[in-house]
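Now for the letters of each chain:
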There are 2 protein chains.
Amino acid sequence: MSIRKHALKIRCLGLALFIIVSVASSQQKNSLSDQIEKYQNIAQRLLEQGLRELPSYSILEKITSVGHRLPGSPGAAAAVELTRQIMMEMGLKNVHLEPTTVPHWVRGPEEEALMISSVLGDHALSTAAIGGSAATHEDGLSAQVIEVKDFSELERLKESAAGKIIFFNVKMEPGTLNTFSAYGKAAAYRVRGAVEAAKRGAAFALVRSPTTANDDFPHTGMMSYEPGIPKIPAACISTQGADLLSRSLKLDPDLRLFIRFHCQNLPPVRSYNVIGDLPGYEKPEEIILLGGHLDSWDLSPGAHDDGAGCAHALSALYLIKALDLRPKRTIRAVMFMNEEFGGSGGCDYAVSEKRADEKHILAVESDRGGFLPLGIGINADDPTLNWMQKWMPIFQSIQIHWIRKGGGGVDIAPLAEQGTVLGGLIPDSQRYFDVHHSGRDTLDAVHPRELELGTIALSLLAYIVSEEGLGPQMK
Amino acid sequence: MSIRKHALKIRCLGLALFIIVSVASSQQKNSLSDQIEKYQNIAQRLLEQGLRELPSYSILEKITSVGHRLPGSPGAAAAVELTRQIMMEMGLKNVHLEPTTVPHWVRGPEEEALMISSVLGDHALSTAAIGGSAATHEDGLSAQVIEVKDFSELERLKESAAGKIIFFNVKMEPGTLNTFSAYGKAAAYRVRGAVEAAKRGAAFALVRSPTTANDDFPHTGMMSYEPGIPKIPAACISTQGADLLSRSLKLDPDLRLFIRFHCQNLPPVRSYNVIGDLPGYEKPEEIILLGGHLDSWDLSPGAHDDGAGCAHALSALYLIKALDLRPKRTIRAVMFMNEEFGGSGGCDYAVSEKRADEKHILAVESDRGGFLPLGIGINADDPTLNWMQKWMPIFQSIQIHWIRKGGGGVDIAPLAEQGTVLGGLIPDSQRYFDVHHSGRDTLDAVHPRELELGTIALSLLAYIVSEEGLGPQMK
């Protein structure tokens, strides 16, 4: 063969290859744009069905109607049975309870914090014991107050701490756009305040509520004790109360606080995760899990935390069913028990023998409130995240602005060890800590349409992954 | 020169050109990334200053404290003087009023709509006259009710319309994600209901409030009359009232409504736009206008509509000043008067002789409430919009998700004829029509942080355009 002919052959081969690649790539493009169009139609139907009917809000009304759902409480037990019934009524399959043992802490019937000052007179402060706190003596406790701005100031003032009330007056930083990161820093004083105060011989830890709201609602939440450190009681006061106490201490450094808390740590209680499925018609053993946690703190019915997450997960399955969409893989709703008091429900779910023949390919928890959803966090590798990006036009059509690395949640975290990709719905966070763990976390703080948009996003995500798998290698 | 040398020369020239272009492009890139870093630092400072201090909410508190600000009302006059004083206190320059003449419509002291049924008994409906409506006879009016679902149904039923009350029971479509487009369709019955009913000889137009909220608040707003068509009165009832009336009509089609409205159309009143500047140090005659409208409807203090927009514009200038940023071009706040009742303030502003030596390069109105901002609409050509996109990383750092074609507003629209690019802040719309033009548009419906994020976005936009001009050809 002459060189010329050889060159020609190569060019012809090149051309053929170019045509093949072009056709394949344009077919791929067509097929992608067809898929996008298909899912965009589904997104539109989910949107209309959801916003017209608002099923999430109806479910949230029911969940919050049982009152607070502190682990071990009658309200938590009621919520277990209620959500089981909701799943049955929705026609979910495989509806069942899975047991988990939960701590049982009970707030006292009255909680008192009284400022006593010969200069300023007496003034009651709104207060709430921190979850897990020991009680004060039955007759209460009266002591002077040392205000500190952080743990290092506590260390500097440790010589005078013995027998005193340490007042951690640490503002949650308002200048941070992402309130969750500001919360994390401020909540450290609620979590570790008692231990750090006790190490210096103090009698009580009093903590400014971690919130950017300026109001008179104390916020509760978890705290920790450490072996070998005295378990002194701890409580939060409202931001307005903290400002008042701080001003008062400047006018009368000798003022005393009388405090009385009769909370109790009781023996653990048997409770349950509640589970229901939309079984996959092709790969029923592959599971997309949507979860929220049934339990709440006890100062309100936990409408945002995490009634909203439960309503999101349940209603997402409801919407998929209402549209007669049969998923290829199983889409499961799990109402976890005891996120707030140690996360036992999530741990027990992950290690249950019922998981033996199941493969969870994606677990998404909604536990950031029922506010306007902005994005979706997915804790996957880059190829999977890139693969997710191709669905962005669909998510943008329902006003989800981004899919980024992130997401996850306390209850689903144990599944990561089994190779499950974790995700989370990310709503706007500006209003969340106004209500979080306080008496303000009530149904009227949730907007029906904002809540529903979260459900719509989750139903779309779950349905696409049920059809397409997760990542470029699946289908 | 040999061919070889020639080829070499061309290659060398090519290489040189390549190097020049590469260096220039990398310099351009460096300069762009430097600029982005510079503005990102400013964005961060605006964010911290704004979210820590919340100046927008303080200003909104003052504006709403005067009560409603219907054009021609004492509240509107108070707001003019109040915002003039706020501008003076802020140290703005060129603070002045520009006159505009506004209609003066006054709601009657009592408004009545009473369902009278021999079958169901009597029931009062919450109601509000539509702005500009004529009064009923002093003693009111009693008539049967014809419910219609749209204008075509009215046309079909026209034979029986004479002397009746036409009840436009048209739901604002909840399945639409963008509530503004759903509102536009539903509000057509409020705007044109009286004219269309009067054409068929009806005595009154009763309109379901255009809102997705399910509550007992009637919403008001503008309506139109047409020459040659009898000016029959018109009012809105709440969504719950509309549902009740509709159910009642099914049970007793002969029920009558007694209605009485004593509203008055009085002679026009002199009022004012309020204007204040941060003068540009280099091109003071080139203006970036940030605007809101001072007037409101009369059922509430118009916290979202448009107290929020006024607070946005004023506080954006405040933040820029607080950071000691001197703008290259003038940044101006304009509090327009009478957006709600005909837009005379915007028209008079645009044609004032004071505009003779001014060039408005960008005018941005915030008139969609103080909710979480999502994006910025700019009604510019494609090259300018593409140029705007390069600043997106900065806007994303303050949680602005997009800059798209769109925006504008009633008050700034007349400036478009002078070649001014129009823009608008686009907050989320899910909650807006719950409160819009109703008794619910009060200060507590505005979240201080959501409001402030709008201000921060506007201050950043105004400052960047003051420095960089608008579009690739400016600087």
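Residues numbered from 1 in each chain as written. Chains lettered and ligands numbered in written order. Predicted model: local features only at pLDDT ≥ 70, side-chain atom pairs only at ≥ 80, totals over all residues.

Trainee: Any chance you could explain the overall build of chain A here in plain terms?
Mentor: Scanning chain A from N- to C-terminus turns up twelve helices and 16 strands. Expressed as lengths along the three principal axes of its C-alpha atoms, the size of chain A is roughly 105 × 55 × 40 Å. Taken across its 475 residues, chain A has 52% of its residues classed as buried. Taking contacts inside chain A between residues at least 6 apart in sequence as the whole, the part at least 24 apart equals 83%. (Helix = DSSP H or I, 4+ residues; strand = E, 2+ residues; numbered from the N terminus. Buried ≥ 20, exposed ≤ 12 C-beta atoms within 10 Å, placed from the backbone. Contact = placed C-beta atoms within 7 Å.)

Trainee: So what exactly am I meant to see when it comes to the domain arrangement of chain A here?
Mentor: In many reports, interface size means the accessible area that the parts give up when they come together. Residues and elements named next belong to chain A. Domains assigned within chain A are domain 1 (41–105 + 267–468) and domain 2 (111–262). With centres defined by C-alpha atoms, the gap from domain 1 to domain 2 works out at 34 Å. Between domain 1 and domain 2, the contact holds 15 residues from the first and 18 residues from the second. Among the elements that line the side of domain 1 that touches domain 2, the one with the most residues is helix α11 (residues 432–435), at three residues. Grouping the amino acids of the side of domain 1 that touches domain 2 by side-chain chemistry returns six nonpolar, six polar and three charged. (Domains from an automatic or database assignment. Nonpolar A, V, L, I, M, F, W, Y, C, P; charged D, E, K, R; others polar.)

Trainee: Would you mind showing me how to read the nonpolar core here?
Mentor: If you look at soluble globular proteins, the nonpolar side chains tend to sit buried side by side. I166 and A205 of chain A together with I166 and A205 of chain B are the most contacted members of the largest nonpolar core, which has 264 residues in total. Residues contacting I166 of chain A, with those up to four places away along its chain left out, are I146, V148, L154, A161, A197, A202, A205 and L206 of chain A. (Core = buried A, V, L, I, M, F, W, Y, C linked by C-beta atoms within 7 Å.)

Trainee: Can you walk me through unusual backbone geometry in this structure?
Mentor: As a rule of thumb, non-glycine residues mostly have phi less than zero, and peptide bonds are mostly trans rather than cis. Note that the residue after D305 of chain A, namely D306 of chain A, is joined by a cis bond; omega there is 0°. On the secondary structure map, D306 of chain A appears in helix α7 (residues 303–322). A positive phi angle is found at N338 of chain A, which is not glycine, with a value near 75°. Tracing the chain through its elements places N338 of chain A in the loop between β12 (329–336) and α8 (344–351). On the basis of neighbour counts, which here come to 29 C-beta atoms within 10 Å, the residue N338 of chain A falls in the buried class. Even without being a glycine, D324 of chain B presents a positive backbone phi close to 55°. Within the element layout of this structure, D324 of chain B appears in the loop between α7 (303–322) and β12 (329–336). Classification of D324 of chain B by C-beta neighbours within 10 Å gives exposed; the count is 7.

Trainee: Got a minute to help me understand the interface of chain A and chain B in this structure?
Mentor: Across the boundary between the two partners, chain A contributes 18 residues, which contact 18 residues of chain B. When residues of the side of chain A that touches chain B are assigned to their parent elements, the largest contribution, four residues, is made by helix α1 (residues 3–53) of chain A. For the side of chain A that touches chain B, a count of residues per class yields six nonpolar, six polar and six charged.

Trainee: In this structure, what is going on with the relation of the copies chain A and chain B? I would like to understand it.
Mentor: Look at the two chain copies: a rotation about an axis and a shift along it is all it takes to match them. Laying chain A over chain B is done by rotating through 180° and shifting 0.0 Å along the axis; what remains is an RMSD of 0.0 Å. Here the transformation between the copies is reduced to the relation of a two-fold axis. Scanning chain A for the C-alpha nearest the rotation axis identifies H401 of chain A, at a separation of 3.3 Å. Same-surface contact between copies: 100% of interface residues of chain A are shared with the interface of chain B. (Least-squares fit on C-alpha atoms with pLDDT ≥ 70 in both.)

Trainee: Would you mind showing me how to read the sheet that holds strand β3 (residues 121–124) of chain B here?
Mentor: Strands in a sheet are paired, the pairing made by backbone hydrogen bonds, and the direction either parallel or antiparallel. Residues and elements named next belong to chain B. Within the open sheet, the eight strands sit side by side as β3-β2-β9-β5-β6-β7-β8-β4. Their pairing is mixed. Whereas interior strands pair on both sides, the edge strands pair on one side only; in this sheet they are β3 and β4 (127–129). The average angle at which neighbouring strand axes cross in this sheet is 30°, direction not considered. Here strand β6 (residues 165–168) runs beside strand β7 (residues 204–208); their pairing, made up of four bridges, is parallel. (Pairing = 2+ DSSP bridges. Axes fitted to C-alpha atoms, helices over the stretch in contact; angles between N-to-C directions.)

Trainee: Explain the environment of V364 of chain B to me, please; I cannot follow it from the model alone.
Mentor: All names here are of chain B. Tracing the sequence through the fold places V364 in strand β13 (residues 359–365). Among the residues examined, V364 registers 30 C-beta atoms within 10 Å and is labelled buried. Remark: the alpha-carbon pair of V364 and A462, spanning 98 residues in sequence, is separated by 8.8 Å. In contact with V364, other than residues within four places in its own chain, are L289, L290, G407, G423, G424, L425, L458 and L461.

Trainee: Is there a simple way to explain the sheet that holds β13 of chain B in this structure?
Mentor: Residues and elements named next belong to chain B. Overall, mixed pairing links the eight strands, which are arranged β1-β10-β12-β11-β13-β16-β14-β15 in an open sheet. With partners counted over all chains shown, the strands left at the sheet margins are β1 (93–106) and β15 (402–404), one partner each. Averaged over all neighbouring strand pairs, the angle between strand axes comes to 20°, with direction disregarded. As paired strands, strand β14 (residues 373–378) and β15 are joined by three bridges and run parallel to one another. Its bridge partner lying in β15, G377 is registered against R404. Along the sheet, helix α3 (residues 74–90) makes contact with β1, β10 (264–278) and β12, crossing β10 at roughly 5°.

Trainee: It is not clear to me how the pairing of strand β7 (residues 204–208) of chain A should be interpreted in this structure. Could you clarify?
Mentor: Taken residue by residue, a regular strand's side chains alternate between the two faces of the sheet. All names here are of chain A. Within β7, five of the five residues are buried, which leaves it mostly tucked inside the rest of the structure. With helix α5 (residues 179–199) bridging strand β6 (residues 165–168) and the parallel β7, this β-α-β connection has right-handed handedness. Pairing analysis gives four bridges linking β7 to strand β8 (residues 234–237), with the strands arranged parallel. The residue bridging R208 from the neighbouring strand is I237, located in β8. (Right-handed = clockwise from strand over helix to strand, strands pointing away.)

Trainee: It is not clear to me how the environment of V170 of chain B should be interpreted in this structure. Could you clarify?
Mentor: Residue and element names in this part refer to chain B. By the secondary structure assignment, V170 is in the loop between β6 and α5 (179–199). Residues V170 and K405 lie 235 residues apart in sequence; the distance between their C-alpha atoms is 31 Å. In this structure V170 touches K149, D150, A186, Y189 and R208, once residues within four positions along its chain are discounted.

Trainee: Explanation requested: the environment of P210 of chain A in the structure shown.
Mentor: Its location among the elements puts P210 of chain A in the loop between β7 and β8. In this structure P210 of chain A touches M172, Y183, A186, A187, R190, H219 and F433 of chain A, once residues within four positions along its chain are discounted.

Trainee: Could you clarify how one ought to interpret helix α12 (residues 448–468) of chain A in this entry?
Mentor: A turn of α-helix holds 3.6 residues, and therefore any two residues three or four places apart point the same way. All names here are of chain A. The terminal C-alpha atoms of α12 lie 30 Å apart, and with 21 residues this matches the ideal 30 Å at 1.5 Å per residue to within 8%. With 19 of 21 residues buried, α12 lies mostly within the body of the structure. Positive phi appears at G469, one or two residues downstream of α12, with a value of about 75°. (Expected span 1.5 Å × (residues − 1).)

Trainee: I would appreciate a short explanation of the pairing of strand β9 (residues 256–261) of chain B in the present structure.
Mentor: Here strand β2 (residues 111–117) of chain B pairs with β9 of chain B via six bridges, running antiparallel. Within β9 of chain B, the position partnered with L114 of chain B by the bridge is F258 of chain B.

Trainee: Explain α7 of chain B here, please?
Mentor: Residue and element names in this part refer to chain B. End to end, α7 covers just 24 Å across 20 residues, shorter than the expected 28 Å (1.5 Å per residue, more than 12% under). Summarising burial for α7: 18 of the 20 residues are buried, a large majority. Phi for D324, located one or two positions after α7, is positive at around 55°.

Trainee: Can you help me understand the packing of α7 of chain B against helix α12 (residues 448–468) of chain B in this one?
Mentor: Each pair of packed helices can be summarised by the angle the axes make with each other and by the distance between the axes. All names here are of chain B. At a minimum axis distance of 8 Å, the contact between α7 and α12 shows a crossing angle of 55°. Between α7 and α12, the crossing angle belongs to the class labelled oblique. In terms of crossing hand, the pair formed by α7 and α12 is right-handed. Here A308, A311, H312, A313, S315, A316, L319 and I320 of α7 lie close against α12, whose contacting residues are L451, G454, T455, I456, L458, S459, A462 and Y463. In terms of residue class, the contact of α7 with α12 is built from eleven nonpolar, five polar and no charged. (Parallel < 35°, antiparallel > 145°, perpendicular 65-115°, else oblique. Left-handed = near helix turned anticlockwise from the far one by under 90°.)

Trainee: What is the right way to look at the packing of helix α2 (residues 55–65) of chain B against α3 of chain B in this model?
Mentor: Residues and elements named next belong to chain B. Where α2 meets α3, the closest approach of the two axes is 9 Å, and the angle between their N-to-C directions is 155°. One element, α2, and the other, α3, form an angle in the roughly antiparallel class. Crossing handedness for the pair α2 and α3: right-handed. Facing α2, whose interface residues are I59, K62 and I63, α3 presents A79, L82 and I86. Residue composition of the contact of α2 with α3, by class: five nonpolar, no polar and one charged.

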